[in-house]
Amino acid sequence: AARKKEVTAQHNFEMLEQSLEDEIKFANQDLDKAKKTLAECAEIKSTAEGDLQATTKDLKADVESQSALHQECMTKASDFEAETTSRGEELKALATAKKVIVESTGGAEKASYGSEESSFV
């Protein structure tokens, strides 16, 4: 009976030992997978941070370029408006001058001076 009890205890111990060794083996496999996944994620994160830094730099340059382009556009629009106003004033002055010339000549362009029209060109 004592021998059977000892054999049973030895068998139970070996079963427990095998069970614990299997748990340790599977836990180590899970740990290795987790470490591998962690390394992959760290690499992905590093790449994403590099991309973010490059994109942020590009965005800053684009914003500066847009600001300069906007300033240039506003300057050209202002210049165009000034030129248009100046042209309008010139046309008004020419119209006034033409009116004065027509009034001062009193319709001389319609008068006939007795000679046939000839070109001096």
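Details of the structure are given in the entry above.
Predicted model, so just to flag it, every value in this text is computed and none were measured. (Residues numbered from 1 in each chain as written. Predicted model: local features only at pLDDT ≥ 70, side-chain atom pairs only at ≥ 80, totals over all residues. Heavy atoms only, no water.)

> What's the story with the overall build of the protein in this structure? I'm lost.
Counting its regular elements, the protein contains 1 helix and 0 strands. Within the protein, the proportion of its 121 residues that are buried is 0%. Counting every atom, the protein has about 11600 Å² of accessible surface; 59% of that belongs to carbon and sulfur. (Helix = DSSP H or I, 4+ residues; strand = E, 2+ residues; numbered from the N terminus. Buried < 20%, exposed > 50% of the residue type's maximum accessible area, 1.4 Å probe, protein only. Areas by Shrake-Rupley, 256 points an atom, 1.4 Å probe, with all protein chains shown as cover.)

> Before we go on, may I ask you to explain helix 1 (residues 2-105) in this structure?
Residues three or four positions apart in an α-helix share a direction because the helix packs 3.6 residues into each turn. If you check helix 1, its first and last C-alpha atoms are 149 Å apart, about what 104 residues at 1.5 Å a residue would give, namely 154 Å. Of the residues one or two after helix 1, G106 is the one with positive phi, at around 60°. (Expected span 1.5 Å × (residues − 1).)

> Can you help me understand the pattern of salt bridges in this one?
Side-chain pairs of opposite charge can arise where the charged atoms are in close proximity. Using the criterion set out here, one finds 3 salt bridges in the structure. In this structure, E49 and K45 form a salt bridge, with 3.8 Å as the shortest nitrogen-oxygen distance. Of the two residues, E49 and K45 are both situated in helix 1; the distance of 4 residues between them amounts to about one turn of the helix. Using a relative accessible area of 45% as the deciding quantity, one classes E49 as partly exposed. We classify K45 as exposed; its relative accessible area is 52%. (Salt bridge = Lys/Arg side-chain N within 4 Å of Asp/Glu carboxyl O.)

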